[in-house]
Amino acid sequence: VKLLLETYINNTYTKDGTVIIPSFAVERAQTIMYLLWQLKEEGKIPNIPYIIDTPMGISVLNIFENNKKWHKLSNEDCIAMCKMFSMISDYQETLNAIYDKRPKVVIAASGMITGGRVLSYLERYIGLPETTIIIVGYQAEGTRGRKLLEGAKEIKIRGRYYNVEANFVEIEGLSAHGDQN
């Protein structure tokens, strides 16, 4: 999983692109944060903005911080991991991140691309071939995520159709659904 994240991020960075990771807000977003933090600590991914844009996901970090026995991270590591990320709760900050032209990695809810802030990022980036969208969880039939993984060339978001030029990839092994290996 880490090797794939490293490869996709570095390949996108060399194209001056943005990586978008649609994620479930509880546990999956934090797992991805941890993996990215490890890669950054190992010097395997570039020094670019790393953003978590899910108010619920940020609230879960507070729960982790207040219940240290629920995870294996030391207090120092937990603080260091969180410092790596820009935590976005306010929608104006979301808009600022969307229009920031620098390469970046964004973790945003929802995981199946059915709603949430990830849609705002996709409206801006789905038509750009230098964009990579990394799917890290199960995509139910009928969801945008499933349609995109199946190769949809056009997708409807908030009543408007967008051409799909972004690169969609999937990292299996993070799904918590019963079908995962």
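Our subject is the structure that appears above.
Right, let's walk through the structure included here. Quantities reported herein were computed from a predicted structural model and do not represent experimental measurements.

**Regarding helix 2 (residues 28-41)**
In an α-helix, one turn spans 3.6 residues; hence positions three or four apart end up facing the same way. For helix 2, spanning 14 residues, the distance from its first C-alpha to its last is 20 Å, which sits close to the expected 20 Å at 1.5 Å a residue. Here helix 2 lies mainly inside the structure; 10 of its 14 residues are buried. Just beyond helix 2, the residue with positive phi is Gly43, at close to 70°.

**Describing unusual backbone geometry**
Leaving glycine aside, a negative phi is the common case for residues, and trans is the common case for peptide bonds. A cis amide bond, omega 15°, links Ala109 with the succeeding residue Ser110. Along the chain, Ser110 falls in the loop between strand 4 (104-108) and helix 6 (118-125). Phi at Ile113 takes a positive value of approximately 60°, unusual for a residue other than glycine. Note on placement: Ile113 falls in the loop between strand 4 and helix 6. Phi is positive for Arg158, close to 50°, though the residue is something other than glycine. With respect to the helices and strands, Arg158 occurs in the loop between strand 6 (154-157) and strand 7 (160-163).

What counts, and at which threshold
- Residues numbered from 1 in each chain as written.
- Predicted model: local features only at pLDDT ≥ 70, side-chain atom pairs only at ≥ 80, totals over all residues.
- Heavy atoms only, no water.
- Helix = DSSP H or I, 4+ residues; strand = E, 2+ residues; numbered from the N terminus.
- Expected span 1.5 Å × (residues − 1).
- Buried < 20%, exposed > 50% of the residue type's maximum accessible area, 1.4 Å probe, protein only.

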